[in-house]
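Spelled out, the chains give:
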There are 2 protein chains.
Amino acid sequence: MCKVALLGFGTVGSSVAKIICEREDMGLRLTHVCNRNVARKKVDWLPSSVIWTENIDDVIASECDVVVEVMGGLQPTEEWIRRALAAGKSVVTANKQIIARSGPELIALAQEMKQQIEFGASVAGGVPVISGLHEGLAGDKLFKICGILNGTCNYILSQIESNGVSFASALGEAQKLGFAEANPTEDIDGLDARAKLAILVRVGLDCYVTPASIVARSISPIDAIDFEYAKLLNCTIRQISLAELDGDRLLAAVQPALVQLNSPLARVEGSQNLVMATGIYGGETVFGGHGAGGHPTAVAVVSDILAIARAKQAGHRRAARVAEKTLAVSADFKTKHYLRFMVNDRPGIIASLSAILSKCEINIDSVLQKPASPKSHLSFLISLEECEASLVEQALEQINALDFMVDPCLHMPIL
Amino acid sequence: MCKVALLGFGTVGSSVAKIICEREDMGLRLTHVCNRNVARKKVDWLPSSVIWTENIDDVIASECDVVVEVMGGLQPTEEWIRRALAAGKSVVTANKQIIARSGPELIALAQEMKQQIEFGASVAGGVPVISGLHEGLAGDKLFKICGILNGTCNYILSQIESNGVSFASALGEAQKLGFAEANPTEDIDGLDARAKLAILVRVGLDCYVTPASIVARSISPIDAIDFEYAKLLNCTIRQISLAELDGDRLLAAVQPALVQLNSPLARVEGSQNLVMATGIYGGETVFGGHGAGGHPTAVAVVSDILAIARAKQAGHRRAARVAEKTLAVSADFKTKHYLRFMVNDRPGIIASLSAILSKCEINIDSVLQKPASPKSHLSFLISLEECEASLVEQALEQINALDFMVDPCLHMPIL
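Residues numbered from 1 in each chain as written. Chains lettered and ligands numbered in written order. Predicted model: local features only at pLDDT ≥ 70, side-chain atom pairs only at ≥ 80, totals over all residues. Heavy atoms only, no water.

**Some remarks on the overall build of chain A**
And step 1. When its secondary structure is counted, chain A shows 14 helices and 19 strands.
And step 2. By the compact-globule yardstick of 22 Å for 415 residues, chain A fits well, its C-alpha radius of gyration being 24 Å.
And step 3. Viewed in the frame of its principal axes, chain A has a C-alpha envelope of about 80 × 45 × 35 Å.
And step 4. Burial status across chain A gives 57% buried among its 415 residues.
And step 5. A sequence separation of at least 24 residues applies to 74% of the contacts in chain A between residues at least 6 apart.
And step 6. When the accessible surface of chain A is totalled, it reaches about 16300 Å², and 50% of it is carbon and sulfur. (Helix = DSSP H or I, 4+ residues; strand = E, 2+ residues; numbered from the N terminus. Rg over C-alpha atoms; globule rule 2.2 N^0.38 Å. Buried < 20%, exposed > 50% of the residue type's maximum accessible area, 1.4 Å probe, protein only. Contact = heavy atoms within 4.5 Å. Areas by Shrake-Rupley, 256 points an atom, 1.4 Å probe, with all protein chains shown as cover.)

**Description of the pairing of strand 5 (residues 90-93) of chain A**
Across a regular strand the side chains alternate sides, sitting on one face of the sheet and then on the other.
All names here are of chain A.
And step 1. Burial along strand 5 is two-sided: Ser 90 and Val 92 facing one way and Val 91 and Thr 93 facing the other are all buried.
And step 2. Sheet topology note: the strand 4 (residues 66-69)/strand 5 ladder contains four bridges and is parallel. When the bridges of strand 5 are listed, Glu 69 appears paired with Thr 93.
And step 3. Running through helix 4 (residues 77-86), the crossover from strand 4 to the neighbouring parallel element strand 5 is right-handed. (Pairing = 2+ DSSP bridges. Right-handed = clockwise from strand over helix to strand, strands pointing away.)

**Some details on the interface of chain A and chain B**
And step 1. Counting from both sides, the interface comprises 37 residues of chain A and, opposite them, 36 residues of chain B.
And step 2. Between chain A and chain B lies a buried interface of about 3200 Å² when both sides are counted; carbon and sulfur atoms form 57% of it.
And step 3. A per-residue breakdown of the area chain A buries against chain B is headed by Arg 23, Tyr 281 and Arg 310 of chain A, which together make up 20% of the total.
And step 4. Linking chain A with chain B are zero salt bridges.
And step 5. Contributions of two or more residues to the side of chain A that touches chain B are made by helix 1 (11-22), helix 6 (129-136), strand 13 (283-290) and helix 12 (294-313) of chain A.
And step 6. Considering each element in turn, the side of chain A that touches chain B owes the most residues, eight residues, to strand 13 of chain A.
And step 7. Looking at the side of chain A that touches chain B residue by residue, the classes come out as 14 nonpolar, 14 polar and nine charged. (Buried area = accessible area lost by both parts, 1.4 Å probe. Salt bridge = Lys/Arg side-chain N within 4 Å of Asp/Glu carboxyl O. Nonpolar A, V, L, I, M, F, W, Y, C, P; charged D, E, K, R; others polar.)

**Description of the nonpolar core**
And step 1. Membership of the largest hydrophobic core comes to 170 residues, with the highest contact counts inside it found for Leu 28 and Leu 133 of chain A together with Leu 28 and Leu 133 of chain B.
And step 2. Not counting residues within four places of it along the chain, the set of residues in contact with Leu 28 of chain A comprises Met 1, Cys 2, Val 4, Ile 20, Val 302, Ile 305, Leu 306 and Ala 309 of chain A.
And step 3. Ala 180, Leu 396, Phe 404 and Met 405 of chain B belong to the second largest nonpolar core, which has 47 residues in total. (Core = buried A, V, L, I, M, F, W, Y, C linked by side-chain atoms within 4.5 Å.)

**What about helix 13 (residues 349-359) of chain B?**
Residue and element names in this part refer to chain B.
And step 1. Along helix 13, the positions that sit buried rather than exposed are Ile 349, Leu 353, Ile 356 and Leu 357. Each buried residue of helix 13 lies within a common arc of 100 degrees when the element is viewed along its axis, so the set occupies one face. What points out from helix 13, more than 90 degrees from its buried face, is the exposed set Ser 358 and Lys 359.
And step 2. The secondary structure elements touched by the buried residues of helix 13 are strand 16 (334-343), strand 17 (364-368), strand 18 (378-388) and helix 14 (389-399). (Arc of directions from axis to C-beta.)

**Focus on the packing of aromatic side chains**
All names here are of chain A.
And step 1. Counted by the stated rule, this structure contains nine aromatic pairs over all chains.
And step 2. Taken together, a centroid distance of 5.0 Å and an interplanar angle of 15 degrees make the contact between Phe 341 and Phe 380 stacked. Placement of Phe 341 in strand 16 (residues 334-343) and of Phe 380 in strand 18 (residues 378-388) is noted, with a sequence separation of 39 residues between them.
And step 3. Note on Phe 341: relative accessible area 0%, which makes it buried.
And step 4. Taken together, the aromatic side chains of Phe 9, Trp 45 and Trp 52 make up a single cluster linked through ring pairs. (Phe/Tyr/Trp six-rings, centres within 6.5 Å; stacked < 30°, edge-to-face > 60°.)

**Digging into the environment of Val 127 of chain B**
Residues and elements named next belong to chain B.
And step 1. With respect to the helices, strands and loops of the structure, Val 127 is situated in the loop between strand 6 (117-118) and helix 6 (129-136).
And step 2. Note: C-alpha distance between Val 127 and Thr 297 (170 residues apart in sequence) is 8.4 Å.
And step 3. Once you skip the residues sitting within four places of it in the chain, Val 127 turns out to touch Phe 287, Gly 288, Gly 289 and His 290.

**A short note on the relation of the copies chain A and chain B**
And step 1. Under the fitted operation, chain A is carried onto chain B by 0.0 Å of movement along the axis and a turn of 180 degrees, and the coordinates agree to an RMSD of 0.0 Å. In short, the pair behaves as if placed about a two-fold rotation axis. Taking C-alpha positions as reference, the residue of chain A nearest the rotation axis is Phe 287 of chain A, located at 2.4 Å.
And step 2. Both copies contact each other with a shared surface, as 97% of the interface residues of chain A are interface residues in chain B too. (Least-squares fit on C-alpha atoms with pLDDT ≥ 70 in both.)

**Looking at the confidence of the model for chain A**
And step 1. Across chain A, pLDDT averages 94, with 98% of residues at or above 70.
And step 2. Here the complex is predicted with pTM 0.92, and the ipTM for its interfaces comes to 0.90. (pLDDT = per-residue confidence, 0-100.)

**A closer look at the packing of helix 5 (residues 96-112) of chain A against helix 10 (residues 191-205) of chain A**
All names here are of chain A.
And step 1. Where helix 5 meets helix 10, the axes come as close as 8 Å, and the angle between the chain directions of the two elements is 40 degrees. In terms of axis orientation, helix 5 runs oblique to helix 10. Our pair here, helix 5 against helix 10, has a crossing hand that is left-handed. Residues Lys 96, Gln 97, Ile 99, Ala 100, Gly 103 and Pro 104 of helix 5 form the contact with helix 10, whose participating residues are Leu 191, Asp 192, Ala 195, Lys 196, Ala 198, Ile 199 and Arg 202.
And step 2. In the contact of helix 5 with helix 10, the residues fall into seven nonpolar, two polar and four charged. (Axes fitted to C-alpha atoms, helices over the stretch in contact; angles between N-to-C directions. Parallel < 35°, antiparallel > 145°, perpendicular 65-115°, else oblique. Left-handed = near helix turned anticlockwise from the far one by under 90°.)

**Thoughts on the sheet that holds strand 6 of chain B**
Residues and elements named next belong to chain B.
And step 1. Spatially, the six strands line up as an open sheet ordered 3-2-1-4-5-6, and their pairing is parallel. Strands at the two margins of the open sheet, each flanked by one partner only, are strand 3 (51-53) and strand 6.
And step 2. Lying over the sheet, helix 4 (residues 77-86) contacts strand 1 (2-7), strand 2 (28-34), strand 4 (66-69), strand 5 (90-93) and strand 6, oriented at roughly 150 degrees with respect to strand 5.
And step 3. Relative to the sheet, helix 12 (residues 294-313) contacts strand 1, strand 2, strand 4, strand 5 and strand 6, its axis offset from that of strand 5 by approximately 160 degrees.

**Some remarks on helix 7 (residues 151-163) of chain A**
All names here are of chain A.
And step 1. Counted at 1.5 Å a residue, the expected span for helix 7 with its 13 residues is 18 Å, and the 18 Å between its end C-alpha atoms agrees.
And step 2. Of all 13 residues in helix 7, 10 are buried, a share of seventy percent or more.
And step 3. Taken together, the buried positions of helix 7 are occupied by Gly 151, Thr 152, Cys 153, Asn 154, Tyr 155, Ile 156, Leu 157, Ser 158, Gln 159 and Ile 160.
And step 4. Tucked into the core, helix 7 has its buried residues touching strand 7 (142-148), helix 8 (167-176), helix 9 (185-188), helix 11 (224-232), strand 10 (235-246) and strand 12 (272-279).
And step 5. Two or three places before Thr 152, at the start of helix 7, stands the capping residue Asn 150, its side-chain oxygen 3.1 Å from that residue's backbone nitrogen. (Expected span 1.5 Å × (residues − 1). Polar contact = N/O pair within 3.5 Å; in protein donor to acceptor, adjacent residues only side chain to side chain.)

**A short note on the sheet that holds strand 4 of chain A**
All names here are of chain A.
And step 1. Pairing in this open sheet of six strands is parallel, and the strands run 3-2-1-4-5-6 from one edge to the other. Edge positions in the open sheet fall to strand 3 (51-53) and strand 6 (117-118), since each of these has one partner strand only.
And step 2. Each of strand 1 (2-7), strand 2 (28-34), strand 4, strand 5 and strand 6 is contacted by helix 4, which is oriented at about 150 degrees to strand 5, the strand it contacts most.

**Overview of the side chain of Asp 140 of chain A**
And step 1. Here Asp 140 of chain A is to be found in the loop between helix 6 and strand 7.
And step 2. As a buried residue without a salt bridge, Asp 140 of chain A has its nearest oppositely charged side chain in Arg 23 of chain B, at a separation of 6.2 Å.
And step 3. A polar contact of 2.8 Å, which involves the side chain of Asp 140 of chain A, links it to the backbone nitrogen of Gly 282 of chain A.
And step 4. Setting aside residues no more than four positions away along its own chain, Asp 140 of chain A makes contact with Gly 279, Ile 280, Tyr 281, Gly 282 and Gly 283 of chain A together with Arg 23 and Val 299 of chain B. (Lys, Arg positive; Asp, Glu negative; His and termini not counted.)

**Digging into unusual backbone geometry**
And step 1. Geometrically, the link from Gln 75 of chain A to Pro 76 of chain A is a cis peptide bond, its omega value of 5 degrees lying close to zero.
And step 2. With respect to the helices and strands, the residue Pro 76 of chain A is situated in the loop between strand 4 and helix 4.
And step 3. For Asn 234 of chain A, which is not glycine, the phi torsion reads 65 degrees and is therefore positive.
And step 4. Take Asn 234 of chain A: it is sitting in the loop between helix 11 and strand 10.
And step 5. A relative accessible area of 47% places Asn 234 of chain A in the partly exposed class.
And step 6. With a phi angle near 55 degrees, Lys 114 of chain B is a residue other than glycine that sits in the positive phi range.

Following this line, the structure appears as structure tokens:
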């Protein structure tokens, strides 16, 4: 019997408790629930043997084998994880920010204490992508990871796409339905997804990067008109987390991007998550499913507890793969590009733009304009042939200074 | 260093050897290659230390740790696997037929010998679905597995769909391109897929079934006209392997079926594989990728070797989950149904058919007819409301005896 203590009894925590209690055949026993204001949290469906406490010391001093951290936040969470490991307990956490920032140190601490730390739930909720990369595809040499890792962004973009609403209105709707936080910055600016991408890079590409080193661009400038232009290119728009080994550097970014309509990425609807891993031997492998929600995330947590329990029973620890390679990180992907302009119309605009682009040695692929926009806020699209993003950014610096520009040009890669 | 002997040096075997040699960081060493007419097989890119042999006794008597079986076939393959296990070696195999038929015995023998037998490559080639079900989703309670497990069938059906060709011509083309065997029965009649489904049921639903207990229906009656009718229902046609727990029985079948165009199953193209697993907690999780081919299958094989190597290093064995539940197997799914008729036209046909269906208490959902078929070979579609497949089969026994029927009615579930 493997004894489990739970830190945090919110949506995920209570789902973890539910699965442990309902599935007696798994051989897990819940011993503690630790939460603030714990009296308010008590439920009647847990065995009376479970100790409810607000005091982490009760958990640390107990004989539990595994401490499950699903309380979120950075502090005191990280300190509590360290204390649990230092006290000779294994840890399962769903905390992407802590794993992305301090994962290697925590893994080292766990190894020193002959314990394990598992974090399958930290990326893509219930989708078993961490174990898939670490074990299922261990025989390949992966060089590229591409995914939709943030359900909130995908929900908002799907809503703009299918209902033709504005970004602000889609965000408001998502907040009303509980799909987006009151402060949605972490999600829409890509900070949540880049922490997850940093973890996937470490597990799948064996390469250590900090979340802060990954460029993150917001989805907030995307509007309904962009989906119309994207459709003309046989594409749709998704928040894409992409990392690719490129010689001695890592190309990585989280940003809104155009994806082909026939790509699996285009078909990820609502709050679903999807990860595509590409290896030199096996090609593309796809993992998809529910990226968030109490129950799916709890499945990932419980699967990790079971992996630790199985290993403990066999008297060993699951080997942690610690990424040792540190690469320079760049967002300078070479792709086709989507430039959407909003201008105050007058003669000579295309001539000015094409002169700047041509001076930067950038080739125009197409110029497309949807009818019926007012002259003072005229939108049109220029798509560019394949070139480095940095080249486009250089050109845009000059372009955005032009007097006919109403808004800065919206620039996205076309994948 | 984990020492590996290879039985079989065909497409998969040589890919396994290639990965082991190229990826020195994995800590695997190839010691033997065993194959018939081995002189003909010798390559110059393997280290000179590798022993080439036609004699299995050389492998059994050697000090190798893991025997990799990628020679295929049933005999002498199964006997060689048993001999390797009995000699205290772990085994990795890609052999679905042997695992589907004798998996439990082989796992028991491995346990007795304190060894492991791994078979991740036996289902869906490079897609890590066995480890995904066994470990990544261990915390869920799965009740349904649905997949596209045979690349040959999917290729043939995709070809009929996109080029409007006949089944015979699509099969011929697939044979010419090497996507189908000279004798394609195993694939098109569903025998290959049902062996894989039996393995997935064992690993994912914890339930022991023999391949022979699973109904398999051929895709050979499918023709271009069926894709046209399917499209009218917003569907396409795929060979679907489906198993679902239903109280104290297991519903399972491998058959051509209509799937909604917006389902992930509909978007599996060419020889790709896809598995959807559904659990009571985590909902639907999808695994997709290359289901066949030397390199992808070799990735699955090498991942299994690495799992054994890691476990050996830690001084334990990966726990095998042995399915103990034996359930009655039925193909009596309750779904909507597609009935495609080919008749010699005369008045009163719909009246006769609807009389029989109504007597069997089956409700008609729609009757659709594509224009322009000759009166002597007139095709039309009747779709039925949800009911058990057995009920439809009863009605079809009477219907197929009617004098205006040119061919037996083609019956498929609509999923």
